[in-house]
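Geometric and topological summary
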Amino acid sequence: MSALAILMIVIAYLIGSISSAVLICRAFRLDDPRLRGSGNPGATNVYRLGGPVPAGLTLFADVLKGMLPVWAAYYLAIPPIALGLVAVAACLGHIYPLYFKFQGGKAVATALGAMFPVASEMAILLIVTWLLVFWVSRVSSLAALITVALSPVYAWFIKPQYTIPAIMLAALIIWRHRANIVRLWKGTEVGFSGAKRSTKKTKPNKTPHE
């Protein structure tokens, strides 16, 4: 692996480590999303705490965290496997953020952002898949799991050279959702309530809901 690829992997992790949910909640004077709601610092939990505006900003920023380093690596002609490692590094930064005591989220939006620069058609298919599954089930984690599980299939038909990077990202996101998988299997996973704002302070779960 080239020195340039290694540098981009490090940069991707550092960018991914910027916790959009925590910073945006601070800007809107909301509670720390790691300590309220589901305990997951992601757009879904920010919506529960503050509504659509901070949630939308969180989603946009999380997508950018994956998009920017992969876009840079793509235009620097880094090979597909190394490009996959750049994407994984951005997601690992989101999951284990260096600047926020390694307490991060599930990295679904960041993974989606990482796919835009190399295969926008696939990214659009993934968005449509997530929306359809979520519309039917109202369970964010289920929508995420089905979407990322299909990403290598979409990659195989659209840009086969990126199938292995897609598998790498899918494996990471599925592993991060392992507790959600157990709850889905048991039928105890919490769906999207649609609550605009949380009023009762709760301790974060050890394995936060999506």
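A few points on the structure. On a predicted model such as this, the values are computed, not experimentally measured, just so you know. (Residues numbered from 1 in each chain as written. Predicted model: local features only at pLDDT ≥ 70, side-chain atom pairs only at ≥ 80, totals over all residues. Heavy atoms only, no water.)

Now for helix α9 (residues 163-176). When the terminal C-alpha atoms of α9 are compared, their 20 Å separation across 14 residues agrees well with the 20 Å that a helix rising 1.5 Å per residue should span. For α9, the set of buried residues is Thr163, Pro165, Ala166, Leu169, Ala170, Leu172, Ile173 and Arg176. Buried residues along α9 sit in contact with α5 (80-95), α6 (108-115), α8 (140-158) and α10 (178-186). (Helix = DSSP H or I, 4+ residues; strand = E, 2+ residues; numbered from the N terminus. Expected span 1.5 Å × (residues − 1). Buried < 20%, exposed > 50% of the residue type's maximum accessible area, 1.4 Å probe, protein only. Contact = heavy atoms within 4.5 Å.)

Both the distance between ring centres and the angle between the ring planes are used here to describe each pair of aromatic rings. In total, this model carries two aromatic pairs according to the counting rule given. Note on tyrosine 74 and tyrosine 75: the rings are 5.3 Å apart at their centroids and 85° apart in plane angle, and the pair reads as edge-to-face. Aromatic side chains tryptophan 130 and phenylalanine 134 sit 4.8 Å apart centroid to centroid with 15° between the ring planes, which places their arrangement in the stacked category. In this pair, tryptophan 130 and phenylalanine 134 both sit in helix α7 (residues 120-137), four residues apart, roughly one turn of the helix. (Phe/Tyr/Trp six-rings, centres within 6.5 Å; stacked < 30°, edge-to-face > 60°.)

Another aspect to go through is the packing of helix α1 (residues 3-16) against α5. Taken N-terminus to C-terminus, the directions of α1 and α5 make an angle of 25°; their axes are 6 Å apart at the nearest point. Taken together, the axes of α1 and α5 lie roughly parallel to each other. The interaxial crossing formed by α1 with α5 has right-handed handedness. In this structure, α1 uses Ala5, Met8, Ile9, Ala12, Tyr13 and Gly16 to contact α5, whose residues at the interface are Ala82, Leu85, Val86, Ala89, Ala90, Leu92, Gly93 and His94. (Axes fitted to C-alpha atoms, helices over the stretch in contact; angles between N-to-C directions. Parallel < 35°, antiparallel > 145°, perpendicular 65-115°, else oblique. Left-handed = near helix turned anticlockwise from the far one by under 90°.)

Keep in mind these numbers describe shape, not what the thing actually does.
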